[in-house]
Amino acid sequence: MSKIRIGIVGYGNIGRGVEQAIKRNEDMELAAVFTRRDPASVKVATEGAKVVHMDDMLSMKGDVDVMVLCGGSATDLPVMGPELAANFNTIDSFDTHAKIPEYFANVDKAAKEGNNISIISVGWDPGMFSLNRLYAESILVQGSTYTFWGKGVSQGHSDAIRRIPGVKNAIQYTVPVDEAVDQVRSGSEPKLTTRDKHTRECYVVAQEGANKAEIENAIKTMPNYFDEYNTTVHFISEEELKRDHSKMPHGGFVIRTGETGEEGNKHVIEYSLKLDSNPEFTASVLIAYARAAYRLNQKGENGARSVFDIAPALLSMKTPEQLRKEIL
Ligand code: NDP
């Protein structure tokens, strides 16, 4: 059987994760890594793999079955998503929740014109968490859904701290509040504020001679990022940061509680993730959906899809017969 040929577009954390995920999925192979940088300057982990400049992408149109777009959601994907969907089947992890409807419409138009399939906003949130919110809401029609994130590194919040004068380096963890999670699990459907649900833990390397009290105050009062949370700030050395905080863990919970029947019997649905590596896990989800995109395109379908539109069996390497026998 011929393998599904994957193109990696953008070689950052997610791009490297996709490269690793391809190695663990025997029905796939890496066609090429595409980058906006000088290809000679990008050292990939797979020996002998092609590294191609993004400007030369169209020359490989017949050599790639699915492009996995690994650019950033803020500025890369809004442009790249529609552009690439016009020429290739695509998967991406676009995670700016408020802009998903607009992004979907732009990608859909381009994918239809190019007769390709594009599955957008794939990963864990949006992605696996979204699916679990949908399943839970559809089953427990009367109830409440809660999403908790962490403990995990937030790139956006870490970047925001690094921009404060006097800060050399920093990392920020989002941490769910245990009491809030317990309250939710009890089925009492509490009303929780932003401050009730999560705390923020910051590990900061200060520049020599910097005023630490000022840095701490600047972090804790930063609008939108920290002012609505209980935040703790720890000053550490560059060595400690490297030694103890260089991984990119994440995770969280989607919990829905609700009632059924005349007696109001209570139910709790919970989906939880504990990830050592956010990018490697996200990449593994992307690769499963790349398989689905390939299969849908083989059937002649086109246009944009979200995770809600993809039948679960399309994600699996196993045949529908195997799945019914082994795990149904
Ligand atoms: P990175 O910042 O690591 O990479 C983004 C892009 O930066 C790369 O594709 C790469 O493109 C470019 N880049 C430029 N210079 C460098 C360099 N020196 N080293 C590495 N990359 C470089 O972002 P992530 O991979 O961590 O995340 C990408 C997006 O994935 C995020 O914006 C986020 O929105 C999304 N995401 C979604 C999740 C979900 O659950 N849905 C979960 C996690 C992330 P090029 O090769 O062309 O230069």
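The structure presented is a predicted model; accordingly, all values stated were derived computationally and were not measured.

Okay, the overall build of the protein next. When its secondary structure is counted, the protein shows eleven helices and 14 strands. Its C-alpha atoms give the protein a radius of gyration of 22 Å, within 12% of the compact-globule value 20 Å for 328 residues. Expressed as lengths along the three principal axes of its C-alpha atoms, the size of the protein is roughly 65 × 60 × 35 Å. For the protein, long-range pairs separated by at least 24 residues make up 69% of all intrachain contacts whose partners lie at least 6 apart in sequence. Summing over all exposed atoms, the protein offers an accessible surface of approximately 16,900 Å²; the carbon and sulfur share of this is 49%. The distance from the centre of the 38 positive side-chain charges to the centre of the 45 negative ones in the protein is 3 Å.

Our focus in this paragraph is the pairing of strand β4 (residues 66-69). Of the two faces of β4, the one holding V66 and V68 and the one holding M67 and L69 are both buried throughout. Where strand β1 (residues 4-9) meets β4, four bridges bridge the pair, whose relative direction is parallel. Note on β4: the bridge partner recorded for I8 is V68. Relative to strand β5 (residues 89-92), β4 runs parallel, the two sharing four bridges. Its bridge partner lying in β5, L69 is registered against D92. Crossover handedness for the path β4 to helix α2 (residues 76-85) to β5: right-handed.

The ligand sits among 22 residues. The nearest are I14, T35, R37, S73 and D95. Take D95: an N or O atom from its side chain is 2.7 Å from an oxygen atom of the ligand. In the environment of the ligand, an oxygen atom lies 2.8 Å from a nitrogen or oxygen atom belonging to the backbone of W124. Of all the elements in the fold, those that place two or more residues in the shell around the ligand are α1 (13-23) and α10 (278-298).

Bringing the confidence of the model for the protein into the picture now. This prediction gives the protein a mean pLDDT of 97; 100% of its residues lie at or above 70. Per the prediction output, this complex has pTM 0.95; the corresponding ipTM is 0.97.

Next up on the list: the packing of α2 against helix α3 (residues 100-114). When two helices pack together, you describe them by how their axes are tilted relative to each other and by the distance separating the axes. Running from N to C, α2 and α3 point in directions that differ by 25°, and their axes come no closer than 7 Å. Taken together, α2 and α3 sit at an angle that is classed as roughly parallel. Read as a crossing pair, α2 and α3 show a hand that is right-handed. Residue-level contacts link L77, P78, G81, P82 and A85 of α2 to Y103, N106, V107, A110 and A111 of α3. In terms of residue class, the contact of α2 with α3 is built from eight nonpolar, two polar and no charged.

Here we come to the UniProt feature "binding site: substrate" (unreviewed entry) in the protein. Sequence positions flagged by UniProt for "binding site: substrate" (unreviewed entry) are, in local numbering, W149, T174, R200, H250 and N278. Tracing the backbone shows W149 in strand β7 (residues 143-149). Looking at W149, the relative accessible area reads 33%, which means it is partly exposed. Non-local contacts of W149, meaning those with residues more than four positions away in its chain, are made with W124, D125, F129, T174, V175, P176, H198, H250, G251 and G252. Among the polar contacts made by the side chain of W149, one reaches the side chain of D125 at a distance of 2.8 Å. Of note, N278 is situated in helix α10.

Definitions and limits used
- Residues numbered from 1 in each chain as written.
- Predicted model: local features only at pLDDT ≥ 70, side-chain atom pairs only at ≥ 80, totals over all residues.
- Heavy atoms only, no water.
- Helix = DSSP H or I, 4+ residues; strand = E, 2+ residues; numbered from the N terminus.
- Rg over C-alpha atoms; globule rule 2.2 N^0.38 Å.
- Contact = heavy atoms within 4.5 Å.
- Areas by Shrake-Rupley, 256 points an atom, 1.4 Å probe, with all protein chains shown as cover.
- Lys, Arg positive; Asp, Glu negative; His and termini not counted.
- Charge placed at Lys NZ, Arg CZ, Asp CG, Glu CD.
- Buried < 20%, exposed > 50% of the residue type's maximum accessible area, 1.4 Å probe, protein only.
- Pairing = 2+ DSSP bridges.
- Right-handed = clockwise from strand over helix to strand, strands pointing away.
- Near = heavy atom within 4 Å.
- Polar contact = N/O pair within 3.5 Å; in protein donor to acceptor, adjacent residues only side chain to side chain.
- pLDDT = per-residue confidence, 0-100.
- Axes fitted to C-alpha atoms, helices over the stretch in contact; angles between N-to-C directions.
- Parallel < 35°, antiparallel > 145°, perpendicular 65-115°, else oblique.
- Left-handed = near helix turned anticlockwise from the far one by under 90°.
- Nonpolar A, V, L, I, M, F, W, Y, C, P; charged D, E, K, R; others polar.
- UniProt positions renumbered as here; feature names shortened; annotations may be inferred.

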